[in-house]
Amino acid sequence: MGIFERYLSVWVGLAMVAGLIGGTTFPGLFSLMGGLEYANINFIIAVLIWLMIYPMMMQIDFSSIKDIHRRPKGLIITLTVNWLIKPFSMALLAVFFIKYLFGDFLGLITPDLANEYVAGMILLGVAPCTAMVFVWSQLTKGDANYTLVQVAVNDLIMVVAFAPLAAFLLGVTDVNVPWSTLIIAVVLYIVIPLIAGLITRKVLKSEQALQQFGNKVKPLSILGLISTVVLLFGFQAPQILANPLDIVLIAIPLIIQTFLIFAIAYYWMFKWKEPHRVAAPGGMIGASNFFELAVAVAISLFGLHSGAALATVVGVLVEVPVMLALVAYANKTRDKFPVAHAH
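Residues numbered from 1 in each chain as written. Predicted model: local features only at pLDDT ≥ 70, side-chain atom pairs only at ≥ 80, totals over all residues. Heavy atoms only, no water.

Enquirer: Requested: an account of the overall build of the protein, with residues and values cited.
Expert: Along the protein, the regular secondary structure elements total 15 helices and two strands. Relative to its length of 343 residues, the protein is compact, with a C-alpha radius of gyration of 19 Å against a globular reference of 20 Å. In terms of overall dimensions, the protein has C-alpha extents of about 55 × 45 × 35 Å along its principal axes. The proportion of buried residues among the 343 residues of the protein is 54%. Taking all contacts inside the protein whose residues are at least 6 apart in sequence as the whole, residues at least 24 apart take part in 86%. Counting only carbon and sulfur atoms, one obtains 70% of the accessible surface of the protein, whose full area is about 14700 Å². When the 19 positive and 16 negative side-chain charges of the protein are each reduced to one mean point, those points stand 16 Å apart. (Helix = DSSP H or I, 4+ residues; strand = E, 2+ residues; numbered from the N terminus. Rg over C-alpha atoms; globule rule 2.2 N^0.38 Å. Buried < 20%, exposed > 50% of the residue type's maximum accessible area, 1.4 Å probe, protein only. Contact = heavy atoms within 4.5 Å. Areas by Shrake-Rupley, 256 points an atom, 1.4 Å probe, with all protein chains shown as cover. Lys, Arg positive; Asp, Glu negative; His and termini not counted. Charge placed at Lys NZ, Arg CZ, Asp CG, Glu CD.)

Below is the structure:
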């Protein structure tokens with residue numbers, strides 16, 4: 001691991017602070033950048049996320065994807081955890097902590113704001129990770145091809161299941177989930193980088209040339225992540241600074257959810273004797289969230305300065321350091337898993 005990966009949590013922490021200072025000092029500039037969007041997807045953040053994913057997509061050897069059916073158990077675990085457990089556990093944790101414990105019992109959150117916070121957290125729970133899982137997979141030496149298939153299948157399900165699940169869990173029958181946002185997000189964050197990676201492999205041909213080019217563009221991935229965090233925290237700076245206690249209250253159930261979902265998926269992979277390069281990214285994809293989509297949908301449903309939008313941004317705040325802790329744990333427990341055999 002290079003200096004970027006080794007100190008990623010430090011860079012992310014500095015990026016959060018930089019975003020808060022920038023958003024407070026130059027509100028006009030951040031408002032201008034925040035307005036550069038279509039279908040609630042910010043163009044600048046889209047480009048940064050693209051930079052984040054492209055170096056990972058280059059590593060994917062499409063010829064090996066045809067063998068994916070030989071190891072279906074990892075995919076079964078991921079899909080079960082992501083769609084039959086995660087959305088409901090997030091809704092239960094959000095309602096219990098935000099509405100009952102922190103709202104009714106302790107009186108720390110007003111009922112209206114509690115509803116918005118719960119809504120934002122539910123949107124995080126219904127969107128399994130798409131972009132960042134490639135970063136976590138790379139940091140745990142995960143199988144890049146397997147990670148791609150997991151993400152691709154999840155995205156296909158997300159296109160169908162996101163709206164009805166969100167509507168059901170939000171308790172509203174006519175939630176106006178913006179389909180244009182969902183479709184554009186999938187195209188931007190998956191399809192375009194995937195095609196770019198495929199073209200890069202075709203052009204460079206040899207694995208050695210690909211490796212050399214990969215080492216050169218690798219810092220772009222971390223730069224994309226850091227810059228994304230700066231912008232998200234800059235956009236939300238007034239809300240974050242106005243509600244510091246609320247940030248902590250939202251973070252508690254989100255952190256519990258992240259550890260819980262990872263534990264279920266990772267232990268299940270272990271019991272089913274999946275190799276570590278499948279188990280680690282399989283645990284990561286459920287534990288982390290497609291926060292870009294959750295932020296976009298929360299803004300479109302509830303507004304840029306809403307409690308729901310704030311809750312999704314707290315998702316970013318929590319996710320990066322917690323996922324880095326899980327990456328470290330996964331790397332430490334690598335020898336507990338069976339050695340993967342080549343197919």
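Alright, that's what it looks like, and here's the rest.
Enquirer: Could you give an account of the side chain of threonine 147, with specific residues and numbers?
Expert: Mapped onto the secondary structure, threonine 147 falls in helix 8 (residues 144-170). On the basis of relative accessibility, which here comes to 0%, the residue threonine 147 falls in the buried class. Among the polar contacts made by the side chain of threonine 147, one reaches the main-chain carbonyl oxygen of aspartate 143 at a distance of 2.9 Å. In contact with threonine 147, other than residues within four places in its own chain, are Val133, Phe134, Ser137 and Pro281. (Polar contact = N/O pair within 3.5 Å; in protein donor to acceptor, adjacent residues only side chain to side chain.)

Enquirer: Give a description of the packing of helix 5 (residues 72-105) against helix 6 (residues 111-125) that names residues and reports values.
Expert: One can describe the packing of helix 5 onto helix 6 by two numbers: an axis separation of 9 Å at closest approach and a directional angle of 160 degrees. The angle between helix 5 and helix 6 falls in the class roughly antiparallel. Considering the relative orientation of helix 5 and helix 6, their crossing is right-handed. Across from Lys86, Pro87, Met90, Ala91, Ala94, Val95, Ile98 and Lys99 in helix 5, the residues of helix 6 making contact are Ala114, Asn115, Tyr117, Val118, Met121, Ile122, Leu124 and Gly125. Split by residue class, the contact of helix 5 with helix 6 holds twelve nonpolar, two polar and two charged. (Axes fitted to C-alpha atoms, helices over the stretch in contact; angles between N-to-C directions. Parallel < 35°, antiparallel > 145°, perpendicular 65-115°, else oblique. Left-handed = near helix turned anticlockwise from the far one by under 90°. Nonpolar A, V, L, I, M, F, W, Y, C, P; charged D, E, K, R; others polar.)

Enquirer: Could you give an account of unusual backbone geometry, naming the residues involved and the relevant values?
Expert: Residues other than glycine predominantly adopt negative phi, and peptide bonds predominantly adopt the trans conformation. Phi at lysine 141 is positive, roughly 55 degrees, even though this residue is not glycine. Along the chain, the position of lysine 141 falls in the loop between helix 7 (132-139) and helix 8. Here lysine 273, not a glycine, exhibits a phi torsion of approximately 60 degrees, which is positive. Looking at where lysine 273 falls in the secondary structure, it is placed in the loop between helix 12 (244-271) and helix 13 (276-287).

Enquirer: Help me get a handle on the nonpolar core, residues and values and all.
Expert: In this structure, Ile98, Phe134, Trp136 and Met284 are the most contacted members of the largest nonpolar core, which totals 110 residues. Among the elements that make up this core, the one with the highest residue count is helix 15 (residues 307-332) (15 residues). Residues within four places of tryptophan 136 in sequence aside, it is in contact with Met284, Ser288, Glu319, Val320, Met323, Leu324 and Val327. (Core = buried A, V, L, I, M, F, W, Y, C linked by side-chain atoms within 4.5 Å.)

Enquirer: Can you explain the pattern of salt bridges? Please cite residues and give values.
Expert: Pairs can form between side chains of opposite charge whenever their charged atoms are close. Per the counting criterion, the structure on display carries two salt bridges. We note a salt bridge from arginine 201 to glutamate 207, for which the minimum N-O separation is 2.8 Å. Under the relative-accessibility criterion, arginine 201 is labelled buried at 16%. (Salt bridge = Lys/Arg side-chain N within 4 Å of Asp/Glu carboxyl O.)

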